[in-house]
Amino acid sequence: MSSGGRRAWWARLALILAALAVLGLGVAAESRGVRLLLLVACAVVLFVVAGYSVLAFRAWRRALGVLVLVAVPVGLVVVLLLNELVLPVIVCVAVLALAVGAGRIALTPEAADEGMPEHVVPPPQHPFVIMNPRSGGGKVARFDLRAKAEALGAEVAMLEGSETIDVAELARQAVARGADLLGVAGGDGTQALVAGVAADHDVPLMVISAGTRNHFALDLGLDREDPSTCLAALGEDAVELRVDLGVIAGRTFVNNASFGAYAAAVQSPGYREDKARTTLDVLPDLLSGAKGPQLRLDVDGIVVEHPQAVLVSDNPYGMGDLAGLGRRARLDTGQLGVVSVNAGSTRQALELLRGATRQGLVAVNAPEVVISSEAPEIPVGIDGESVVVPTPVHCTVRARALRVRVPRDRPGVPPRRPTWSWAQLLRLASFSRTGSRR
């Protein structure tokens, strides 16, 4: 059976199981009377409205929304217990979980390529590694990275003390002294600074996943749980990859540059201490257009006026990932991924983030992007760091400019989780599929 045929049968199984779960819930509720069925439906509506309030409003409306989000599930459990419906609901939820599992299998396409080419090269003779002991909640000390790197022959520089250290200049000085590999244990912003120097001098970069999210390390296939495994790149059993670098206003980025809603959140003083809380705090104003400069996006002949958020990534993310928190299948396509969002309401914004709608979304790949504004300068989130840059802002890509040395034995890039779509499941499951016969 072909891949398309297998996916079609998984989609059919998912739809059948979902229908059985919903039917079971309806029969169980109907057996206790129509009033119970209406009560459950009203509870679901109330739960959705409360979630909307948490995102769209502040102060007492948000607090009330949180209270309702907690109270509704508790109330439903009490009602189910009083009506002896707990067991039927558990069974229906289990069937629905099986439906979701089958649906995800159906929605996951088979890998289209074998990944980025790997090249075998001799190990470095004079590696130089920069480590930030504060990154990732102290991973450098927790995993004893300094001692392990030095045991493998690396010179290590620690970013310690209260004074600001020019990381890029530190890397340039190391190359001038004869370093033939630059390593960095820190956040993606620090890695981008060192990556730019490595590309300029054509020396390989070693990425150590000692940051918080480690998006760059993830897309290189490195182990994000144990950063000490990345040090195997200093040995014989390692390979080199050639990857692209993004450039914005003369500054290198390895993940993405964000404008509008996300950039304003990154610029908030409390972002580093509590990212989720800060994003929630600025979301209502940003969705209503009450804050932030008006933007204009110009990419590949497409002009978008007044987008609320723009994400420019070093190589495209998988479609459905509008927040830049997902995965890139490759880092060597020579293209920037560009996603622009124009949401007329909080509801539409949430649907866009879930991949439930394409209205208000522009997604293209291009080697160059221009973001302009009437404001003389605008905030930009560059690899999670807040930066203010003059307008217009030019973003370009340096194709295959960076050599990255990685362990041969590494987890690899995990498969991207598919975006859930009932419409796509229905298309896959159609028994009258014209494209499924050969």
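All values derive from a computational prediction rather than experimental measurement.

**Some points on the overall build of the protein chain**
Inference 1: Secondary structure summary: the protein chain contains 13 helices and 16 strands in total.
Inference 2: When burial is assessed residue by residue, the protein chain has 45% of its 438 residues classed as buried.
Inference 3: Contacts spanning at least 24 positions in sequence make up 74% of the contacts within the protein chain whose residues lie at least 6 apart.
Inference 4: Counting only carbon and sulfur atoms, one obtains 59% of the accessible surface of the protein chain, whose full area is about 22100 Å².

**A closer look at the pairing of strand β16 (residues 393–407)**
A regular strand places its side chains so that they alternate between the two faces of the sheet.
Inference 1: Pairing between strand β5 (residues 238–248) and β16: ten bridges, direction antiparallel. Directly across from Leu241, in β16, lies its bridge partner Val404.
Inference 2: By the bridge criterion, four bridges tie strand β13 (residues 368–373) to β16 in an arrangement that is antiparallel. Directly across from Val369, in β16, lies its bridge partner Cys395.

**Brief notes about the pattern of salt bridges**
Inference 1: With the rule as written, the count across this model stands at 13 salt bridges.
Inference 2: Among the ionic pairs, Arg398 bridges to Asp200, the shortest N-O distance being 3.1 Å. With Arg398 in strand β16 and Asp200 in helix α8 (residues 188–201), the pair connects residues that are 198 residues apart, well separated along the chain.
Inference 3: Looking at Asp200, the relative accessible area reads 52%, which means it is exposed.

**Examining the packing of helix α7 (residues 167–176) against α8**
Inference 1: In contact at an axis separation of 9 Å, α7 and α8 are set at 35° when each is read in the N-to-C sense. The two elements α7 and α8 cross, and the hand of that crossing is right-handed. Between α7 and α8, the contacting residues are Val167, Ala168, Ala171, Arg172 and Val175 on the first element and Thr190, Leu193, Val194, Val197 and His201 on the second.
Inference 2: For the contact of α7 with α8, the class distribution of residues is seven nonpolar, two polar and one charged.

**Quick look at unusual backbone geometry**
Inference 1: For the bond from Thr391 to Pro392, the omega torsion is -5°, close enough to zero to count as cis.
Inference 2: Looking at the secondary structure, you find Pro392 in the loop between β15 (385–390) and β16.
Inference 3: Positive phi, normally seen in glycine, also occurs at Asp202, with a value near 55°.
Inference 4: Structurally, the position occupied by Asp202 is in the loop between α8 and β4 (205–208).
Inference 5: With a relative accessible area of 41%, Asp202 lands in the partly exposed category.
Inference 6: With phi around 50°, Ala249 is a residue other than glycine that occupies positive phi space.

**Quick notes on α7**
Inference 1: Taken together, the buried positions of α7 are occupied by Val167, Ala168, Ala171, Ala174 and Val175. For α7, the buried positions fall inside an angular range of 120° around the axis, keeping them on one side.
Inference 2: In this structure, the buried residues of α7 make contact with β1 (127–131), β3 (181–185) and α8.
Inference 3: Once α7 finishes, Gly178 follows within two positions and takes phi at roughly 110°, a positive value.

**Describing the sheet that holds strand β14 (residues 377–382)**
In a beta sheet, neighbouring strands are held together by backbone hydrogen bonds and run either parallel or antiparallel to one another.
Inference 1: Pairing is antiparallel in the open sheet, where six strands are placed in the order β12-β11-β10-β7-β14-β15. Each edge of the open sheet is held by one strand with a lone partner, namely β12 (361–366) and β15. On average, adjacent strands in this sheet sit at an angle of 20° to one another, irrespective of strand direction.
Inference 2: For strand β7 (residues 256–260) and β14, the ladder comprises two bridges, and the chain directions are antiparallel. The partner of Ala257 across the bridge, within β14, is Ile382.

**Brief notes about the nonpolar core**
Inference 1: If you look at the biggest cluster of nonpolar residues, it comprises 54 residues, and the most contacted ones within it are Met131, Leu145, Leu182, Leu205, Ile208, Leu220 and Leu402.
Inference 2: No other element matches the six residues that α8 contributes to this core.
Inference 3: Core analysis: the next-biggest nonpolar cluster, separate from the first, contains 24 residues, Ile248, Val369, Val393 and Val397 among them.

**Focus on helix α13 (residues 422–429)**
Inference 1: Taken together, the buried positions of α13 are occupied by Leu425, Leu428 and Ala429. The buried side chains of α13 occupy one side of the element, clustering within an arc of 90° when seen end-on. Relative to its buried face, α13 has exposed residues pointing more than 90 degrees away, namely Leu426 and Arg427.

**Observations regarding the pairing of strand β11 (residues 336–341)**
Inference 1: Summarising burial for β11: six of the six residues are buried, a large majority.
Inference 2: Sheet analysis places strand β10 (residues 309–314) next to β11, joined by six bridges and oriented antiparallel. If you follow Val312 over to β11, its bridge partner there is Val338.
Inference 3: By the bridge criterion, six bridges tie β11 to β12 in an arrangement that is antiparallel. Counterpart to Val338 in the pairing with β12 is Val364.

**With respect to the packing of aromatic side chains**
One pair of aromatic rings is described through two measures. These are the centre distance and the angle between the planes.
Inference 1: Here the structure, examined in full by the defined rule, presents zero aromatic pairs.
Inference 2: The ring of Trp9 has Arg12 sitting right over it, with the charged end atom 4.4 Å from the ring centre.

**Observations regarding the confidence of the model for the protein chain**
Inference 1: For the protein chain, mean pLDDT is 82; residues scoring 70 or higher make up 79% of the total.
Inference 2: Counting contacts from residues 432–438, a segment whose pLDDT is below 50, to residues more than four positions away or on other chains yields five contacts.

**Regarding the packing of helix α4 (residues 86–107) against α13**
Inference 1: In contact at an axis separation of 10 Å, α4 and α13 are set at 70° when each is read in the N-to-C sense. Considering the angle they form, α4 stands roughly perpendicular to α13. For the pair α4 and α13, contact is made by Gly103, Ala106 and Leu107 and by Gln424, Leu425 and Leu428, respectively.
Inference 2: Of the residues in the contact of α4 with α13, the class split is four nonpolar, two polar and no charged.

Scoring rules and cut-offs
Residues numbered from 1 in each chain as written. Predicted model: local features only at pLDDT ≥ 70, side-chain atom pairs only at ≥ 80, totals over all residues. Heavy atoms only, no water. Helix = DSSP H or I, 4+ residues; strand = E, 2+ residues; numbered from the N terminus. Buried < 20%, exposed > 50% of the residue type's maximum accessible area, 1.4 Å probe, protein only. Contact = heavy atoms within 4.5 Å. Areas by Shrake-Rupley, 256 points an atom, 1.4 Å probe, with all protein chains shown as cover. Pairing = 2+ DSSP bridges. Salt bridge = Lys/Arg side-chain N within 4 Å of Asp/Glu carboxyl O. Axes fitted to C-alpha atoms, helices over the stretch in contact; angles between N-to-C directions. Left-handed = near helix turned anticlockwise from the far one by under 90°. Nonpolar A, V, L, I, M, F, W, Y, C, P; charged D, E, K, R; others polar. Arc of directions from axis to C-beta. Core = buried A, V, L, I, M, F, W, Y, C linked by side-chain atoms within 4.5 Å. Phe/Tyr/Trp six-rings, centres within 6.5 Å; stacked < 30°, edge-to-face > 60°. Lys NZ or Arg CZ within 6 Å of the ring centre and 35° of its normal. pLDDT = per-residue confidence, 0-100. Parallel < 35°, antiparallel > 145°, perpendicular 65-115°, else oblique.

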